[in-house]
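Topology and contacts: notes
One-letter residues, chain by chain:
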Amino acid sequence: MKIAGVILAAGLGKRMNSSLPKVLHELSGATMLHHVLKTLHNLRLQQIVVVTGKHFKETKDSIIQTNPPTPSLTPLIPPLPRGELKGLKGLLRTQNSGLIFMRQKEAKGTGDALSRALPSLRGFRGTVLVVNGDTPLITRETLRKFLDLHEKKRDVVSVLSFISREPGSYGRIIRNGSGDIVSIIEDRDATPYQKRIREVNSGVYAIKPAGLRLLKGIELNKSKGEYYLTDIIAVASGRGIKAGAYCIGSEDEFIGINTPEELRKARELMRDRITKEWMNKGVIFMDTSSIFISSDVTIGKGTVIYPNVHLEGNTKVGRGCTIYPNVRIRNCVIGNGAVIKDSTLIEDSFVKERALVGPFAHIRPGSEIGAGAKIGNFVEIKKSVIGSGTKASHLSYLGDAKIGKNVNIGAGMITCNYDGYKKHLAVIEDNVFVGSDSQLIAPVKIGKGAYIGAGSTITEDVPPGSLALSRVQQRNIKGWALKRQLRVKSDKLKVERKRKS
Ligand code: UD1
Ligand code: CA
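Okay, the overall build of the protein chain next. A count of helical and extended segments in the protein chain gives 9 helices and 45 strands. Since a compact globule built from 501 residues should have a radius of gyration of about 23 Å, the 32 Å found for the protein chain marks it as more spread out than a globular shape. With 501 residues in all, the protein chain has 48% of them scored as buried. Sequence separation of at least 24 residues holds for 43% of the intrachain contacts in the protein chain that already meet a minimum separation of 6. In the structure as shown, the protein chain presents an accessible area of about 25,000 Å², 51% of it carried by carbon and sulfur atoms. Taken as two groups, the 78 positive and 46 negative side-chain charges of the protein chain have centres that lie 5 Å from each other.

On to the site of ligand 1. In the vicinity of ligand 1 lie 23 residues, with Gln104, Gly109, Thr110, Glu186 and Asn201 positioned nearest. One nitrogen or oxygen atom from the main chain of Ala10 is found 2.7 Å from an oxygen atom belonging to ligand 1. Interatomic distance of 2.6 Å between a backbone N/O atom of Asn201 and an oxygen atom of ligand 1. Contact with the protein chains removes 92% of the 750 Å² of surface that ligand 1 exposes when unbound. At the level of elements, α3 (110-117) and β12 (199-207) are the ones that each hand at least two residues to the shell around ligand 1. Taken together, the residues that form the shell around ligand 1 break down as 7 nonpolar, 11 polar and 5 charged.

What counts as what
- Residues numbered from 1 in each chain as written.
- Chains lettered and ligands numbered in written order.
- Predicted model: local features only at pLDDT ≥ 70, side-chain atom pairs only at ≥ 80, totals over all residues.
- Heavy atoms only, no water.
- Helix = DSSP H or I, 4+ residues; strand = E, 2+ residues; numbered from the N terminus.
- Rg over C-alpha atoms; globule rule 2.2 N^0.38 Å.
- Buried < 20%, exposed > 50% of the residue type's maximum accessible area, 1.4 Å probe, protein only.
- Contact = heavy atoms within 4.5 Å.
- Areas by Shrake-Rupley, 256 points an atom, 1.4 Å probe, with all protein chains shown as cover.
- Lys, Arg positive; Asp, Glu negative; His and termini not counted.
- Charge placed at Lys NZ, Arg CZ, Asp CG, Glu CD.
- Near = heavy atom within 4 Å.
- Polar contact = N/O pair within 3.5 Å; in protein donor to acceptor, adjacent residues only side chain to side chain.
- Nonpolar A, V, L, I, M, F, W, Y, C, P; charged D, E, K, R; others polar.

Right under this line is the structure:
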């Protein structure tokens, strides 16, 4: 069965009351459109067409510019489009991909939107699967089941329906005495009797080429001033063309997001779906209600996650890790058995197995924390490699540094990596001991096994095995404090005598 997908995403989204295009609002770390695209992509369709309108460029860019953060991490949607878009009048094609963006200049309704997709499907002889861009929770399994039913029943037009607890703004499925669908009536056009129908339209359709020709028969809906795609059913049944409605899947899958409140609800549903999936795979959550996990994150078995943890982007958490409260990790790989303590932020970095990071640590992009390394309270690391077993336990800034194995970084040590114009590298080789409150003025290299005395400012390379000291030698003046005390006392007496005389 040859299938092409069309995503309708050109609506104005007025009910969102936001300057951001509706389908670009996010849930679980990706836009609504991204979720729908990913689901259709997983169905391995021949081609996917996105119909977009006023926000054509923003919408297109949101998909094209989704790049992986690091080469070893998987991209958000692996084989989806990359690279330049070729401009052909009215028809834009991404290079080497089955993704096409079509423009609906004026939002004249869902029926008109589908017509705008058709020039890009000229010559395509299969079934067209139409999905609204504002229904991000739809699953691949339900769509597959629906497409199979569409084929089996030999419909020209099929629609996916569901039973809604609160049919609200959804189109109602109208069936005749034999149970066949004859039309879809929008809530605003429905009679009080029709409003009570709880079987509603999900906005998912499967249409054969003969069905696409029916689009021309759709008339303008005068009350809204739009061409409703839903009217394709009435046109079909009026002409004796076979249409079917299949009530499959659960309501939670089909939530259509029109308002901020519906977006919040969809976010909760998606969060529950994601946490449930990971719990089934052996992840332990102390409290799921405050957790944020992006849909592209993976988590290993036996990992324990405390409340208010955010795992974003392409983050991959290994097996048997512990992530304590208030931690945000974005686009990182966390090795097996790593422990991330409270209130820590880690971005675009690698944390290797058994490493211990936090509490209150900040790991900035481009860093690698070695196996079994320890990064403690108030330590900031930027674009640095920290070797295995190395410890920076308190109050440090390590930027543009290459630090070897089993190094001890004393409390308060900092790398001075920036000279006001350029960034420079500090290299600390294996087994070095850096005393507390030292500064390394980069570029500088500390050789293997060297010692840096506490409070030193290191401006020159230190040979392996040496001790470097740059502070002033200490002087002890015996009895100084006692003498001072006596002097202060006698001064006080003098002042008092003067006052009395
Ligand atoms: C639509 C259906 C309704 C169904 C519901 C399911 C119609 C007329 N109604 O209602 O029966 O129950 O979805 O969620 O189709 N769009 C365009 N161009 C336009 C207008 C809309 O591309 O001119 C896109 C929107 O971006 C959106 C989708 O089509 O992704 C649906 O439009 P929307 O206005 O949200 O329709 P609903 O009122 O929700
Ligand atoms: Ca909608």
